[in-house]
Every structure is written in C-alpha cells, then in structure tokens.
Amino acid sequence: MHEFKKGTVEGLSEVLDAIYIENMVAHHLSYSVVLELVSAVRNTILRGMQGAMSREERANLAQQLNASTLEDLFQLILSSKEQYAERKAAQSEEKDRKLKDRIEEYMDLHYQDSDASIHDLSSSIGMSETAIYQFFRDHMACTFADMLEHKRIQEACKLLVRKEYQIKEIAAMAGYSSDTSFRRAFKRVMGVSPGEYSQ
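Residues numbered from 1 in each chain as written. Predicted model: local features only at pLDDT ≥ 70, side-chain atom pairs only at ≥ 80, totals over all residues. Heavy atoms only, no water.

Draft legend 1. Helix H8 (residues 144–162), seen in detail. Along its 19 residues, H8 runs 28 Å from first to last C-alpha, staying within 8% of the 27 Å computed at 1.5 Å per residue. Structurally, H8 contributes buried residues whose contacts are with helix H5 (70–110), helix H6 (118–125), helix H7 (129–140), helix H9 (167–173), helix H10 (179–190) and helix H11 (194–198). A positive backbone phi angle near 55° is found at Lys-163, which sits one or two residues after H8. (Helix = DSSP H or I, 4+ residues; strand = E, 2+ residues; numbered from the N terminus. Expected span 1.5 Å × (residues − 1). Contact = heavy atoms within 4.5 Å.)

Written out as structure tokens, the structure reads:
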C-alpha cells in the first residue's frame, strides 16, 4: 500500500512481482484462490487510498481495478499508479506555486518593515518556521534573508533613480534600520554604492 501511495512505479512493480512469484509460481494457486487473492489485493489498495483520494476518485479506481487474473490486476494497478503519481505531482506543483505567491505577497507587503522575519512570515501564512526553511531550500533557490534583501534593494533602486530622497530616507523606506546597513547590503547586491548607482 505504501508503494502505491508514496513509492515509485518501479518499487510498486517489484512488490507486485514478489506477490506474483510467491503466490503463482511457488504455490501454484487454484483459480478460486487466485480470485480471492485478486479481490484481497484490490480491496487493500482501495482501503488504503481512502484518505488520499476523494470518493469519486476511489470509485473510478475501483472500476479501473476490475480484473479476474492477477496479471491483469497488476497491470491495472501499475497503470493506475502512474495516473495517481501524475495527479499528485500536479497537485504538489499547484500547492508550491500558491505558497510561492503567498511568500512574494508577504515580501511586497513587509519589505519596508525593519523587523520582517521568517518568524513573522511563519505567523502570517500559518506554517512552521522549519517548513518554511525547508520550502526555501527545496524550491526558492535562495534563503528568506536573501529574498528579503533583494526585494529591499530592488525597491531602493527604484527610489534612487527618481532622485527625490536622501540615501538615509531611502534606507528607511526600504526597511533598513540604518543607512550603514543599507549601503553595505546595496554594495553586496548591486556591486556599486547607492550614490554610484543613482548617478
């Protein structure tokens, strides 16, 4: 069951092969016992998917797994596993995209807050800090601090080009508690000082 839900098609294939060898090759089961085994395997898959699939999806899976031989059932199980894996991957991608959107929205709303933090983000979107760290590591190609710094510098660049504010004002508007920390961050990200950038 675990292989169907979380494993790979190859891993599931190995499990099914082992079941087949144990029951069909080693024991030469009678036709009536094979039918009982087919039913037992099918029902185990369906029961195990109760929390992972909607009622309608389970009903479709039950129809897909309608077979009278172990070989046919195993082929149907592997085919269903591929479909299930594709659907889960699509759901995971959609979930990740929505979380990225929420993180970017947080950055847009809070980059000016000098106390913006991963703790604050965690509270804002209702996820643990550990889960957010993990998400950044796996999906964002940067850390929270890097993303925040780049957002702040990006917004500071827009203000610098307008030439309406002093660097100290821009530092505060971009979320920095001092113009010294702003200048250091700006140079680190842009490779030039704020004054050089604005010329």
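Structure shown, so let's carry the discussion forward.
Draft legend 2. Geometry of the packing of helix H4 (residues 55–64) against H5. In contact at an axis separation of 10 Å, H4 and H5 are set at 155° when each is read in the N-to-C sense. The angle between the axes of H4 and H5 places the two elements in the roughly antiparallel class. Pair H4 / H5 crosses with right-handed handedness. Together, Glu-57, Leu-61 and Gln-64 of H4 and Leu-76, Ser-80, Gln-83 and Arg-87 of H5 make up the contact between the two elements. A per-class count over the contact of H4 with H5 returns 2 nonpolar, 3 polar and 2 charged. (Axes fitted to C-alpha atoms, helices over the stretch in contact; angles between N-to-C directions. Parallel < 35°, antiparallel > 145°, perpendicular 65-115°, else oblique. Left-handed = near helix turned anticlockwise from the far one by under 90°. Nonpolar A, V, L, I, M, F, W, Y, C, P; charged D, E, K, R; others polar.)

Draft legend 3. Inspection of the pattern of salt bridges at higher detail. Applying the stated criterion across every chain yields a total of 10 salt bridges. Taking the shortest distance from any N to any O, the salt bridge between Lys-98 and Glu-94 comes out at 3.9 Å. On the criterion of helical spacing, the pair formed by Lys-98 and Glu-94 is a turn pair, its members being 4 residues apart in helix H5. Given a relative accessible area of 47%, Lys-98 falls into the partly exposed group. Here Glu-94 falls in the partly exposed class, since its relative accessible area comes to 32%. For the salt bridge of Arg-137 with Asp-138, the shortest nitrogen-to-oxygen distance reads 3.7 Å. According to the relative accessible area criterion, Asp-138 is partly exposed, its value standing at 43%. In the salt-bridge network here, residues are joined through shared partners; they are Glu-94, Arg-97, Lys-98 and Asp-101. (Salt bridge = Lys/Arg side-chain N within 4 Å of Asp/Glu carboxyl O. Buried < 20%, exposed > 50% of the residue type's maximum accessible area, 1.4 Å probe, protein only.)

Draft legend 4. Looking closely at the packing of aromatic side chains. Enumeration according to the criterion identifies 5 aromatic pairs in this entry. Consider the rings of Tyr-106 and Phe-144, whose centres lie 6.4 Å apart with planes at 45°: the pair is tilted. With Tyr-106 in helix H5 and Phe-144 in helix H8, this pair connects stretches of sequence that are 38 residues apart. Of the residues examined, Tyr-106 reaches a relative accessible area of 3% and is grouped as buried. Taking the relative accessible area as the measure of exposure, Phe-144 reaches 10% and is therefore buried. For the ring pair Phe-136 and Phe-144, a centre distance of 6.1 Å and an interplane angle of 80° mean the geometry is edge-to-face. We classify Phe-136 as buried; its relative accessible area is 3%. Three or more aromatic residues joined by ring pairs form one cluster here, namely Tyr-176, Phe-182, Phe-186 and Tyr-197. The cationic tip of Lys-151 hangs over the ring face of Tyr-111; the distance from NZ or CZ to the ring centre is 5.6 Å. In this arrangement the basic side chain of Arg-152 is found over the ring face of Tyr-176, its NZ or CZ atom lying 5.4 Å from the centre. (Phe/Tyr/Trp six-rings, centres within 6.5 Å; stacked < 30°, edge-to-face > 60°. Lys NZ or Arg CZ within 6 Å of the ring centre and 35° of its normal.)

This is a description of form; function is not addressed.
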